[in-house]
Amino acid sequence: MRYADGGGLTAAGRAKREAVRFEAAEMFELGVRPPVAARRLRVSRKSAYAWHPAAQLQLEVTHMELEVIKLVEKYR
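Only a predicted model underlies this, so the values are computations on that prediction, with no experimental measurement involved. (Residues numbered from 1 in each chain as written. Predicted model: local features only at pLDDT ≥ 70, side-chain atom pairs only at ≥ 80, totals over all residues. Heavy atoms only, no water.)

Draft legend 1. Highlighting the overall build of the protein. Looking only at helices and strands, the protein has 3 helices and 0 strands in total. The N-to-C order of helical and strand elements in the protein reads α-α-α. Since a compact globule built from 76 residues should have a radius of gyration of about 11 Å, the 16 Å found for the protein marks it as more spread out than a globular shape. With the C-alpha coordinates aligned to their principal axes, the bounding extent of the protein is approximately 50 × 30 × 20 Å. Counting every position in the protein, which comprises 76 residues, the buried fraction comes to 21%. A separation threshold of at least 6 residues defines the contact pool for the protein, and within that pool the share at least 24 residues apart is 31%. Computing the positive centroid from 14 side-chain charges and the negative centroid from 9, the protein places the two 10 Å apart. (Helix = DSSP H or I, 4+ residues; strand = E, 2+ residues; numbered from the N terminus. Rg over C-alpha atoms; globule rule 2.2 N^0.38 Å. Buried < 20%, exposed > 50% of the residue type's maximum accessible area, 1.4 Å probe, protein only. Contact = heavy atoms within 4.5 Å. Lys, Arg positive; Asp, Glu negative; His and termini not counted. Charge placed at Lys NZ, Arg CZ, Asp CG, Glu CD.)

Shown next, in the form of structure tokens:
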């Protein structure tokens, strides 16, 4: 059964979970593998593996944005 309110977490619980996701994303950016991040953050490996592709995609988007900014500055 799915829950419309975020899986039964309170607003504070959702905020804490989001903070953990951001911390995991920072770890992935540094090259930490999902199982290691899961252990350090005390979350399941399944969660870490689920977050990893999203973090990698965000990193790629950030790098592309930086390249666009460089190009814009170059041709001003």
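Draft legend 2. Representation of the nonpolar core within the structure. One finds V20, A24, M27, F28, V32, A37, A38, L41, V43, A48, W51 and A55 forming the largest nonpolar core, which totals 12 residues. Of all the secondary-structure elements, those providing two or more residues to this core are α1 (11-29), α2 (34-41) and α3 (45-74). Considering every element that reaches this core, the biggest residue donor is α1, with 4 residues. Excluding residues that lie within four positions of it along the chain, A55 makes contacts with A25 and F28. (Core = buried A, V, L, I, M, F, W, Y, C linked by side-chain atoms within 4.5 Å.)

Draft legend 3. Structural detail: α3. Helix length check: α3 (30 residues) gives 43 Å between terminal C-alpha atoms against 44 Å at 1.5 Å per residue, within 8%. At H52, α3 shows its maximal bend, which comes to roughly 25°, and the proline P53 appears one to four places after that position. Looking at the buried residues of α3, the elements they touch are α1 and α2. (Expected span 1.5 Å × (residues − 1). Bend = angle between axes of the 7 residues up to and from the residue.)

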